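Chain by chain, the residues run as shown.
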Amino acid sequence: MDIGASDGRHSGATVGASMPEQKAHTRESAPCFADLRGQGALVTGGGTGIGRGIARRLAAEGMKVVVCGRGLELLQETAGIVCSEGGEALAQVADLSDAAQVAELFQVIEAEGLQVDAVVHNAMDLRRHLLEQTTLEQWESGFAAGCRGGYLIARQVLPAMRGRGRGGLVFISSVGAARAHLPGLPYDAAKAAQEAMVRGLAVEYARFGIRVNGVAPGAIQTRGPLTEAAMREPHVPMERKGTPAEIAAAVAFLLSGQASYLTGQTIYVDGGLTAQLAPPGIAV
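Residue numbers run consecutively from 1 along every chain, following the written order of its sequence. Only residues with pLDDT of at least 70 get local features here, since the model is predicted, and only at 80 or more are side-chain atom pairs given and counted; chain-wide, interface and lining totals rely on the full set of residues. As a convention, hydrogens and water are excluded, and side-chain values are obtained from all of the structure's heavy atoms.

Participant: Before we move on, can you summarise the overall build of the protein chain with the specific residues and values?
Facilitator: Numbering goes from the N terminus for both helices and strands, where a helix is a DSSP run of H or I of at least four residues and a strand is a run of E of at least two. Regarding its fold elements, the protein chain presents eight helices and seven strands. C-alpha atoms define the radius of gyration, and 2.2 Å times the number of residues to the power 0.38 defines the globule rule. For 284 residues, the compact-globule formula gives about 19 Å, and the C-alpha radius of gyration of the protein chain, at 18 Å, lands near that figure. Once the C-alpha set of the protein chain is aligned to its principal axes, its extents read approximately 55 × 45 × 40 Å. Burial classification: accessible surface area is computed with a 1.4 Å probe over protein chains only, and a residue below 20% of its type maximum counts as buried, one above 50% as exposed, and the rest as partly exposed. Counting only residues that meet the buried cut, the protein chain has 48% of its 284 residues in that class. For this analysis, residues touch if any pair of their heavy atoms sits within 4.5 Å. In the protein chain, of all internal contacts separated by at least 6 residues, the share reaching a separation of at least 24 is 74%. On the protein chain, roughly 13,200 Å² of surface is accessible, and the fraction owed to carbon and sulfur atoms is 53%. Methods summary: accessible areas were calculated by the Shrake-Rupley approach with a probe of 1.4 Å, and residue burial reflects only the protein chains presented.

Below you can see the structure in the form of structure tokens.
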């Protein structure tokens, strides 16, 4: 199961949830973490899909959001949506695999008078291949934004967080870190490496008041309308895809004080997908 829109293979299946229940999942959750208000958040890969949903939710919680990535037009679109909803957002282009551009990103943020209290690292190369079809360039690209970028951002932001004695990082992982896609390289391997980074950083920085966690989405509807037909996914125990807003809700919780004793963990927000032994209707 991949993050993103359906590949269309299951479009004719029925869904277990009633129409009112199904529509309820497409609505945004109300802000509920008052301690986040006034803090600054950096959301990488914030131009579309899950990243955009996270930016909107954190802004709704009262955070000042910086969205970064490679596509300026999409980033500006996200920032415009956030501002139209009453939030504050800044769009900034950066190749997160480039150390100089990551350093420049933080210089721009500082010049804008913003402080990064939280980082949500969502940027990733989503391409997946079979081993014999995977070139060395594709392998390295698969690790560049997610792992190299996560390392470079952590090196930039953690010293300042340590000095303040607080801060939060959330890495957006995938069900592919725990269960293999077919094809799944190098994406699944990079996501598994990110989860190892979550654990390592969490243990290293816990004594400084900094928490590091992950959120692993399952099948998420990121393109097209959130209609009942588009949301159907019978191979998931909950029989539907999730929404960017549902991933964003988990991220907001992890950054909030309500998760004050939670670090080094990756929460799988996948409708029960990784809990099942085999898809419904398939005997094992």
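Participant: So, helix H6 (residues 187-205): which residues are in play, and what are the values?
Facilitator: Relative to the 27 Å expected for 19 residues at 1.5 Å per residue, H6 spans 27 Å between its end C-alpha atoms, a close match to the ideal helical length. Contacts made by the buried residues of H6 are with strand S4 (118-121), helix H5 (136-164), strand S5 (167-172), strand S6 (210-217) and strand S7 (266-269). A helix is expected to span 1.5 Å for every residue after the first.

Participant: Kindly report on the pairing of strand S1 (residues 40-44), identifying the contributing residues and their values.
Facilitator: Among the five residues of S1, five are classified as buried, and the element is accordingly described as predominantly covered. Of the two faces of S1, the one carrying Gly40, Leu42 and Thr44 and the one carrying Ala41 and Val43 are both buried. By this definition, two strands are paired if DSSP reports at least two bridges between them. When S1 meets strand S2 (residues 64-69), the two strands line up parallel, connected through five bridges. In the sheet register, Ala41 faces S2, and the bridge partner there is Val65. As defined by bridge partners, S1 adjoins S4 across three bridges and the pair is classed as parallel. Bridged to Val43 within S4 is Val120.

Participant: Give me the nonpolar core: which residues, what numbers.
Facilitator: Put simply, buried Ala, Val, Leu, Ile, Met, Phe, Trp, Tyr and Cys residues joined by side-chain atoms within 4.5 Å make one nonpolar core. Residues Leu42 and Leu158 are the most contacted members of the largest nonpolar core, which totals 33 residues. Secondary-structure elements contributing two or more residues to this core are S2, helix H4 (99-111), H5, S5, H6 and S6. In terms of residue count, H5 provides more of this core than any other element does, eight residues in total. Residue contacts for Leu42: discarding those within four places in its chain leaves Val66, Cys68, Leu105, Phe106, Ile109, Val116, Ala118, Val119 and Val120. Counting residues in each nonpolar core, the second largest holds 29 residues, with Ala59, Met63, Leu75 and Ile247 among its members.

Participant: Could you give an account of the packing of aromatic side chains, naming the residues involved and the relevant values?
Facilitator: Aromatic rings from Phe, Tyr and Trp, taking only the six-membered ring of Trp, are treated as a pair when their centres fall within 6.5 Å; an angle between ring planes under 30 degrees marks them as stacked, one over 60 as edge-to-face, and anything in between as tilted. In total, this model carries three aromatic pairs according to the counting rule given. Aromatic pair Phe33 and Phe253: ring centres 6.4 Å apart, planes at 50 degrees, arrangement tilted. With a gap of 220 residues between them, Phe33 in the loop between helix H1 (19-24) and S1 and Phe253 in helix H8 (residues 244-255) connect regions that are remote in the sequence. Its relative accessible area of 10% is what places Phe33 among the buried residues. Phe253 gets classed as partly exposed once you look at its relative accessible area, which sits at 27%.

Participant: Describe the confidence of the model for the protein chain, and please don't skip the residues or the numbers.
Facilitator: The quantity known as pLDDT measures the predictor's confidence residue by residue, on a range of 0 to 100. Mean pLDDT for the protein chain: 90, with 90% of residues reaching 70 or above. Under a pLDDT of 50 for its full length, residues 1-22 has, in the predicted model, 49 contacts with residues more than four places off or in other chains.

Participant: Any details on the pattern of salt bridges? Residues and values, ideally.
Facilitator: The salt bridge criterion pairs a side-chain nitrogen of Lys or Arg with a carboxyl oxygen of Asp or Glu, the two atoms within 4 Å. Under the criterion given, the structure shown has eight salt bridges. For Asp117, the salt bridge identified is with Arg164, shortest N-O distance 4.0 Å. One end of the pair, Asp117, is in the loop between H4 and S4; the other, Arg164, is in helix H5, and 47 residues separate them in sequence. The structure contains a network of salt bridges with shared partners spanning Asp117, Arg164 and Arg166.

Participant: Can you tell me about the environment of Gly87, naming the residues and giving the values?
Facilitator: Inspection of the secondary structure puts Gly87 in the loop between helix H3 (72-84) and strand S3 (88-93). Owing to a relative accessible area of 16%, Gly87 belongs among the buried residues under this scheme. Not counting chain neighbours up to four residues away, the residues in contact with Gly87 comprise Ala59 and Val82.

Participant: Lay out H4 in plain terms, naming residues and giving numbers.
Facilitator: Residues separated by three or four positions in an α-helix point in the same direction, a consequence of the helix having 3.6 residues per turn. Between its first and last C-alpha atoms H4 spans 18 Å; for 13 residues at 1.5 Å apiece the expected length is 18 Å, and the two agree. Listed in full, the buried residues belonging to H4 are Val102, Leu105, Phe106 and Ile109. Projected down its long axis, H4 carries its buried residues within an arc of 90 degrees, all on one side. Away from the buried face of H4 by more than 90 degrees, exposed residues Ala100, Gln107, Glu110 and Ala111 are located. Structurally, H4 contributes buried residues whose contacts are with S1, S2, S3 and H5. Of the residues one or two after H4, Gly113 is the one with positive phi, at around 75 degrees. This arc describes the spread of directions from the helix axis toward the C-beta atoms.

Participant: Break down the packing of helix H2 (residues 49-60) against H8 for me, with residues and values.
Facilitator: Only C-alpha atoms enter the line fits that serve as axes; for helices the fit covers just the stretch in contact. Angles between N-to-C directions range over 0 to 180 degrees. Between H2 and H8, the least distance of the axes is 8 Å, while the angle of their chain directions is 50 degrees. Between H2 and H8, the crossing angle belongs to the class labelled oblique. For H2 against H8, the interelement crossing comes out right-handed. Of the residues in H8, those in contact with Gly49, Ile50, Gly53, Ile54, Arg57 and Leu58 of H2 are Pro244, Ile247, Ala248, Ala249, Val251, Ala252 and Leu255. The cut-offs work like this: below 35 degrees is roughly parallel, past 145 is roughly antiparallel, 65 to 115 is roughly perpendicular, and the gaps in between are oblique. Whether a crossing is left-handed or right-handed is set by the direction in which the near helix is turned from the far one by less than a right angle, anticlockwise for left-handed and clockwise for right-handed.

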